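Here are the chains, one letter per residue:
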Amino acid sequence: MIASVFGVLFDGFAYGMLLFILSVGLSVTLGMMNFVNLAHCSFAMLGGFVTVTLTNELGWPFLASLPLAFLSAALVSVVFERVLYRRLYRASDLDQCLLTIGIVFVSVAVAAYIYGTIQQPLNLPSYLRGSVSVWGQSLGVYRLFLIAVSIAITAVLVAALEYTRFGAQVRAAVDNQRMARGLGIDVDHAFAFTYLIYVLIVVAVGGLGSIAGSFVAASLLGISDMAGKYYFPELGAFLIYFVMVALLMWRPVGLFGRR
C-alpha cells in the first residue's frame, strides 16, 4: 500500500511538472501582460517537433537538441509578438482570444500536414531510460530528469523576474507603461520576452502572474489526476476538474492570485 501511494505521488508530481513547464509561461504573460494568449501551447508544440526532428531525423543528441528547441520557439514567439500580438495589447479580450485561437488552428493544421496525426516517438538516450531504486522504490529516470528540469526552471524564472534589473523593467512596464517609457525603459523589448485545457486549469488554480502558484497548482493537479486514474478508474480524468472547482470555490483568484 505504501509503495503504491509513493508511486502515485511520484508519477503524479512528475506529470504535474510537465504541466508546470507548459503553463508557467502563460501564467507570466497572462498575469503580467494581461494578454490572453491561447496559442501558448502552439509554441510548446513547436519546440517538441523541433526536438523530435533533430533527434530522430538528424541524429542529434537529446540534450543538445533542447537548447535549439527553446531558441526556435523563442524566435518564433518574438516574430509573432512583433507582427501580431503587439497590435492587440490594448484590444478587448475577445479580439485577443479570436487571434490566438486562430493561430492554434493554423499551427495544428501545419503540424498535421508535415508530421501527420500520429504520435511522434522520441528516441531518448540510454541514460534517460529505465529506472533507479530509491529507498526500495523504482523511479523512472526520465521522470526524475523532468522534475529536476522543472525545479531548475522555477529557480531561474523567480531569480530573473524578482532579483534582476530586467525583471524589474518587465514588472514596471506591466504596471505602468507610460511611466516606464518616461524612465527610459524599452517597453517593447521587455514585452518580447515571452494539453491547452490543462495549462489553463493550472494558470487559473495557481493564480495569474505567480510562478509559485503555477508550480503548486501543477503539482496538486498532477497528483490528483494520477491518483484518480489509479484509485478511481471509473472517474477517468474527471477528478482533476473536481479538484479545480473545489480549489477555485475556496480561492476564486487562485492559490497565489493577487487580483
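Here's a quick rundown of the structure.

Rules of the game
- Residues numbered from 1 in each chain as written.
- Predicted model: local features only at pLDDT ≥ 70, side-chain atom pairs only at ≥ 80, totals over all residues.
- Heavy atoms only, no water.
- Helix = DSSP H or I, 4+ residues; strand = E, 2+ residues; numbered from the N terminus.
- Buried < 20%, exposed > 50% of the residue type's maximum accessible area, 1.4 Å probe, protein only.
- Expected span 1.5 Å × (residues − 1).
- Contact = heavy atoms within 4.5 Å.
- Axes fitted to C-alpha atoms, helices over the stretch in contact; angles between N-to-C directions.
- Parallel < 35°, antiparallel > 145°, perpendicular 65-115°, else oblique.
- Left-handed = near helix turned anticlockwise from the far one by under 90°.
- Salt bridge = Lys/Arg side-chain N within 4 Å of Asp/Glu carboxyl O.
- Arc of directions from axis to C-beta.
- Core = buried A, V, L, I, M, F, W, Y, C linked by side-chain atoms within 4.5 Å.
- Phe/Tyr/Trp six-rings, centres within 6.5 Å; stacked < 30°, edge-to-face > 60°.

## A look at the overall build of the chain
Okay, so step 1: A tally of helices and strands in the chain yields eleven helices and two strands.
Okay, so step 2: Traced from its N-terminal end to its C-terminal end, the chain shows the element sequence α-α-α-α-β-β-α-α-α-α-α-α-α.
Okay, so step 3: Considering the chain as a whole, with its 259 residues, one finds that 39% of them fall into the buried category.

## A word on helix α4 (residues 93-115)
Okay, so step 1: With 23 residues, α4 extends 32 Å between its outermost C-alpha atoms, agreeing within 8% with the 33 Å of an ideal straight helix rising 1.5 Å per residue.
Okay, so step 2: Those residues of α4 that are buried lie in contact with α2 (40-57) and α3 (62-83).

## Notes on the packing of helix α10 (residues 211-231) against helix α11 (residues 239-250)
Okay, so step 1: Between α10 and α11, whose axes approach to 8 Å, the crossing angle comes to 140 degrees. On the basis of the axis angle, α10 is oblique to α11. Crossing handedness for the pair α10 and α11: right-handed. Taken together, the residues of α11 that come into contact with α10 (itself represented by L220, L221, S224, D225 and G228) are L239, I240, V243, M244 and L247.

## Examining the pattern of salt bridges
Okay, so step 1: By the definition in use, this model includes four salt bridges.
Okay, so step 2: Across the salt bridge formed by R143 and D11, the nearest N and O atoms sit 2.4 Å from each other. Taken together, the positions of R143 in helix α5 (residues 141-163) and D11 in helix α1 (residues 2-33) put the pair 132 residues apart, joining distant regions of the chain.
Okay, so step 3: Judged by its relative accessible area of 24%, D11 is partly exposed.
Okay, so step 4: Here K229 ties to D225 by a salt bridge, and the two come within 3.1 Å at their closest N and O atoms. With a gap of four residues between them, K229 and D225 both fall in helix α10, about one helical turn apart.
Okay, so step 5: What you see here is one network of salt bridges that share partners, running through E81, R82 and R86.

## Notes on α3
Okay, so step 1: Look at α3: 32 Å from first C-alpha to last across 22 residues, which is about the 32 Å you get at 1.5 Å a residue.
Okay, so step 2: Residues F62, S65, A69, A73, S77 and E81 constitute the buried set of α3. The buried residues of α3 all sit within an arc of 145 degrees when viewed along its axis, so they share a single face. Within α3, the exposed residues directed more than 90 degrees away from the buried face are L71 and L75.

## Observations regarding the nonpolar core
Okay, so step 1: Judged by nonpolar contacts, the single largest core of 27 residues is most densely connected at V205, I211 and L221.
Okay, so step 2: Within the residue set of this core, elements represented by two or more residues are α1, α5, α9 (196-206), α10 and α11.
Okay, so step 3: The element best represented in this core is α1, accounting for eight residues.
Okay, so step 4: Sequence-distant contacts of L221, that is, excluding residues within four places in its chain, are made with I201, V202, V205, I240, V243 and M244.

## Remarks on the packing of aromatic side chains
Okay, so step 1: Overall, the coordinates contain seven aromatic pairs when judged by the stated rule.
Okay, so step 2: Their ring planes at 90 degrees and their centres at 5.8 Å tell us that F43 and F80 sit as a pair that is edge-to-face. Remark: F80 occurs in helix α3 and F43 occurs in helix α2; sequence separation between them is 37 residues.
Okay, so step 3: Of the residues examined, F43 reaches a relative accessible area of 12% and is grouped as buried.
Okay, so step 4: Judged by its relative accessible area of 26%, F80 is partly exposed.

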